[in-house]
Amino acid sequence: MSDGIDALSTQQRRTLDLLDVGLWQHRARALDRMRSDSPDQSVAENPELDWQTLENAVASCVRCPLHEGRTQTVFGVGNRKASWMVIGEAPGAEEDRQGEPFVGRAGQLLNEMLRAVGLARGDVYIANILKCRPPQNRDPRPEEIDACSGYLRRQVDLIGPGLLLAVGRIAAQALLGDSSPVGRLRGRVHRYGPADIPLVVTYHPAYLLRSPLQKRKAWSDLCLARRQLEENLG
Ligand code: SF4
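Residues numbered from 1 in each chain as written. Predicted model: local features only at pLDDT ≥ 70, side-chain atom pairs only at ≥ 80, totals over all residues.

### Some remarks on the nonpolar core
Taken as a class, soluble globular proteins show a tendency for nonpolar side chains to be buried jointly.
Next, step 1: If you look at the biggest cluster of nonpolar residues, it comprises 55 residues, and the most contacted ones within it are Met85, Ile87, Ile129, Leu165, Ala166 and Ala171.
Next, step 2: In this view, Met85 contacts Val124, Tyr125, Val156, Ile159, Pro161 and Leu164; residues no more than four positions away in its chain are not counted. (Core = buried A, V, L, I, M, F, W, Y, C linked by C-beta atoms within 7 Å. Buried ≥ 20, exposed ≤ 12 C-beta atoms within 10 Å, placed from the backbone. Contact = placed C-beta atoms within 7 Å.)

Structure, rendered in structure tokens:
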């Protein structure tokens, strides 16, 4: 019986090499390693990993069990030279169907929130912590976040945004490594990564649809983000 690894195309092998994944002769060993090695360092620090290679790597990723239930990966969308990068949690059912983050009612509310601070959806870059949909929209598990986080870090490196807007608890906690609730993380400017990118936390639009009284706080968060970016630009 042919091992799956033998069937990889040249492009797939190159992508795996760039990800420092390596090739394995035995499927069992390969799966063990894929699930136990964090790709963070190799992905985020590999300067050869351009957009296309990164997108290919995500599209064929089997690093965590979420690949089994996806319709497609949800890579990210928007301006790859954006000043603002919006980071959410994980694809939902509609995102999984369409292959784009923040679609549906929550996506429309996000668009309105951005418009309120003078931004069109296409002005920003939008991505999620996880690129595949968790079943029944359950919370991402820590090991899934670990497995996927290198992709997002490389997206941040490639874009070089002036500001990160973390929307919702999962995104905020994962990016900051802080388990505090959103209510305690919002309202101030954090820093992310070696480049010390300003990061502002706000509520997820899906939560705001359920709790419209919190929209005032989300508006205040967006104003804080805009002020921070304006200050940075001088
Ligand atoms: S969620 Fe991320 S790590 Fe898991 S299979 Fe999808 S792309 Fe790979």
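Moving on from the coordinates now.
### Quick word on the site of the ligand
Next, step 1: Around the ligand, a shell composed of 14 residues is seen, among which Cys61, Cys64, His67, Cys132 and Cys148 lie nearest.
Next, step 2: Top element by residues in the shell around the ligand is helix α7 (residues 142-159). It accounts for three residues. (Near = placed C-beta within 6 Å. Helix = DSSP H or I, 4+ residues; strand = E, 2+ residues; numbered from the N terminus.)

### Brief notes about the pairing of strand β2 (residues 84-88)
Next, step 1: Most of β2 is tucked away, with five of its five residues classed as buried.
Next, step 2: Judged by which residues are buried, β2 turns out to be covered on both faces: Trp84, Val86 and Gly88 on one side and Met85 and Ile87 on the other are all buried.
Next, step 3: Both β2 and strand β4 (residues 163-167) contribute to a ladder of four bridges, which runs parallel. Counted as the bridge partner of Met85 is Leu164 from β4. (Pairing = 2+ DSSP bridges.)

### What about the pairing of strand β6 (residues 197-202)?
Next, step 1: As judged from the four bridges shared by β4 and β6, these two strands associate in the parallel manner. Bridging across to β6, Val167 finds its partner in Thr202.
Next, step 2: One ladder, built from four bridges, connects strand β5 (residues 189-192) with β6; its direction is antiparallel. Among the inter-strand pairings, Arg191 is bridged to a residue of β6, identified as Pro198.
Next, step 3: Turn length for the β5-β6 hairpin, with the two strands adjacent in sequence and antiparallel, is four residues, and the turn residue Gly193 shows positive phi of about 70°.

### Some thoughts on the sheet that holds β6
Next, step 1: Pairing is mixed across the open sheet formed by six strands, whose spatial order is β1-β3-β2-β4-β6-β5. Each edge of the open sheet carries a strand with a single partner, namely β1 (77-78) and β5.
Next, step 2: Where helix α8 (residues 169-176) meets the sheet, it contacts β2, β4, β5 and β6, and its direction lies at approximately 130° from that of β4. (Axes fitted to C-alpha atoms, helices over the stretch in contact; angles between N-to-C directions.)

### Side note on unusual backbone geometry
Next, step 1: One non-glycine residue, Gln136, lies in positive phi territory at about 50°.
Next, step 2: Within the secondary structure layout, Gln136 lies in the loop between β3 (125-128) and α7.
Next, step 3: Phi at Asp196 is positive, roughly 55°, even though this residue is not glycine.
Next, step 4: With respect to the helices and strands, Asp196 occurs in the loop between β5 and β6.
Next, step 5: By the C-beta count within 10 Å, which is 9 here, Asp196 ends up exposed.

In short, geometric facts, not functional conclusions.
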